[in-house]
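Remarks on the overall topology
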Amino acid sequence: VESCNDLGKKEEFINALKRIRSIPIKTPDLNNKVFGYSYFLELSHYIKNGQYQKGVALVGKIKKGFDRFGNKFDKHTKLFLHYTFSVLYFATKDYHTALKWINIILNDKEKELRKDIYCFAQILNLIIHYEMSNHALLEYAVKTAIHFLDKRSRLFILEKTVLDFFRKELPKADGTEQRTEAFKELKQEIKEIIKNDFEKKALDYFDIISWVESKIENKSFAEIVREKAQNS
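This report concerns the structure included in the present document. What you see is a predicted model; the values in this text were computed from it and never measured.

Moving on, we get to the overall build of the protein. Counting its secondary structure elements, the protein contains 13 helices and zero strands. Each helix and strand of the protein, placed in order from N terminus to C terminus, yields the pattern α-α-α-α-α-α-α-α-α-α-α-α-α. Computed over its C-alpha atoms, the radius of gyration of the protein comes to 18 Å, within 12% of the 17 Å expected for a compact globule of 232 residues. In terms of overall dimensions, the protein has a C-alpha envelope of 60 × 40 × 30 Å along the principal axes. Taken over 232 residues, the protein has a buried fraction of 50%. Put simply, 59% of the contacts in the protein that link residues at least 6 apart link residues at least 24 apart.

Written out as structure tokens, the structure reads:
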């Protein structure tokens, strides 16, 4: 299923996903894992192809799964799903709901469980506040993100680059033209960084370069992602 998704084989992806879900499962633990991970993969597929409404349509069903499995639901997978929900709602411009899901992660006390998710939740939080024009909250969120990320060894250079952009470059951009130029410079920096295969993995968490391009081209994030998916 993962390979089909990575290779863009959409029909094979759906067929493989159906086969996994059709396997008779007798143990609650395995049923829990298949449910959680198969839906995470399906949502990732919709995100990759810009089919965000299809992903949002599944959120209610997945939440019922959380209730059904209760405390036995795998915490790692649940974190991924919460983060994925936030990305889906962000892409459909439902920023309030996106913020609700990202706050569930940021307020979680087990921050050692999946540091990668907590770190990218900090970055996505900044982007959501920017889109909501929460300028005062954005300044506070930047300080919080810096404090959090400084306490650990950063996984990606990209994290620092985005933080520096929000902390140093964006506040200096006065007016639409200057902001557009700032985003163009950020895009060039990101393009250089992701020439490194390890750094490129950061885009699996959030396609930040498409978001930057949406600011430059004055299009929605979803439009940019869909255009790339159609051309690939």
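A few words on the nonpolar core. Within the largest apolar cluster, 75 residues are counted, with the highest numbers of intra-cluster contacts made by Tyr83, Phe166, Phe206, Ile208 and Trp211. Here this core takes eleven residues from helix H7 (residues 115–131), the largest share from any one element. Contacts of Ile208, omitting those with residues within four sequence positions, involve Ile123, Ile127, Leu158, Val162, Ile190 and Leu203.

Quick look at the pattern of salt bridges now. Tallying each qualifying case throughout the model produces 14 salt bridges. Measuring nitrogen to oxygen at the nearest pair gives 3.7 Å for the salt bridge that ties Lys219 to Glu217. The class for Lys219 is partly exposed, based on a relative accessible area of 31%. A relative accessible area of 39% means that Glu217 is categorised as partly exposed.

All buried positions along helix H13 (residues 221–231) are accounted for by Phe221, Ala222, Ile224, Val225 and Ala229. All buried residues of H13 lie within an arc of 165° about the axis, which places them on one face of the element. Opposite its buried face, H13 presents the exposed residues Gln230 and Asn231, each directed more than 90 degrees away. Packing partners of the buried residues in H13 comprise helix H3 (28–48), helix H4 (52–69), helix H5 (75–91) and helix H12 (208–217).

A rise of 1.5 Å per residue sets the reference length of helix H6 (residues 95–106), with its twelve residues, at 16 Å; its end C-alpha atoms lie 16 Å apart and thus fit the reference within 8%. What H6 keeps buried is the set Tyr95, Thr97, Ala98, Leu99, Trp101, Ile102, Ile105 and Leu106. In this structure, the buried residues of H6 make contact with H4, H5 and H7.

Here we take up the environment of Glu227. Turning to its location among the elements, Glu227 is positioned in helix H13. Separated by 109 residues in the primary sequence, Glu227 and Tyr118 have C-alpha atoms spaced 29 Å apart.

The next thing to look at is the packing of H5 against H7. Where H5 contacts H7, the axes come no closer than 11 Å and their chain directions differ by 20°. In terms of axis orientation, H5 runs roughly parallel to H7. Regarding H5 and H7, the two cross each other, and that crossing is left-handed. Between H5 and H7, the contacting residues are Leu79, Phe80, Tyr83, Ser86, Val87 and Phe90 on the first element and Asp116, Ile117, Tyr118, Phe120, Ala121, Leu124, Ile127, Ile128 and Glu131 on the second. Here the residues of the contact of H5 with H7 sort into twelve nonpolar, one polar and two charged.

What follows is about the packing of aromatic side chains. Taken as a whole, this structure holds 25 aromatic pairs when the rule is applied. Here Tyr130 and Phe183 contribute two aromatic rings whose centre-to-centre distance is 6.0 Å and whose plane-to-plane angle is 70°, an arrangement assigned as edge-to-face. Here Tyr130 is found in helix H7, whereas its partner Phe183 is found in helix H10 (residues 176–193), with 53 residues between them in sequence. Each of the two residues, Tyr130 as well as Phe183, counts as buried. An angle of 50° between the planes, with centres 5.1 Å apart, marks the rings of Phe165 and Phe183 as tilted. Taken as a pair, Phe165 in helix H9 (residues 157–172) and Phe183 in helix H10 lie far apart in primary sequence, 18 residues in all. For the pair Phe165 and Phe183, one class covers both residues: buried. Following the ring pairs from residue to residue traces out a cluster consisting of Phe35, Tyr39, Phe66, Phe69, Phe73, Phe85 and Trp101. In this structure, Arg68 packs its charged tip against the face of Phe35, placed 5.3 Å from the ring centre.

The rules behind these values
Residues numbered from 1 in each chain as written. Predicted model: local features only at pLDDT ≥ 70, side-chain atom pairs only at ≥ 80, totals over all residues. Heavy atoms only, no water. Helix = DSSP H or I, 4+ residues; strand = E, 2+ residues; numbered from the N terminus. Rg over C-alpha atoms; globule rule 2.2 N^0.38 Å. Buried < 20%, exposed > 50% of the residue type's maximum accessible area, 1.4 Å probe, protein only. Contact = heavy atoms within 4.5 Å. Core = buried A, V, L, I, M, F, W, Y, C linked by side-chain atoms within 4.5 Å. Salt bridge = Lys/Arg side-chain N within 4 Å of Asp/Glu carboxyl O. Arc of directions from axis to C-beta. Expected span 1.5 Å × (residues − 1). Axes fitted to C-alpha atoms, helices over the stretch in contact; angles between N-to-C directions. Parallel < 35°, antiparallel > 145°, perpendicular 65-115°, else oblique. Left-handed = near helix turned anticlockwise from the far one by under 90°. Nonpolar A, V, L, I, M, F, W, Y, C, P; charged D, E, K, R; others polar. Phe/Tyr/Trp six-rings, centres within 6.5 Å; stacked < 30°, edge-to-face > 60°. Lys NZ or Arg CZ within 6 Å of the ring centre and 35° of its normal.

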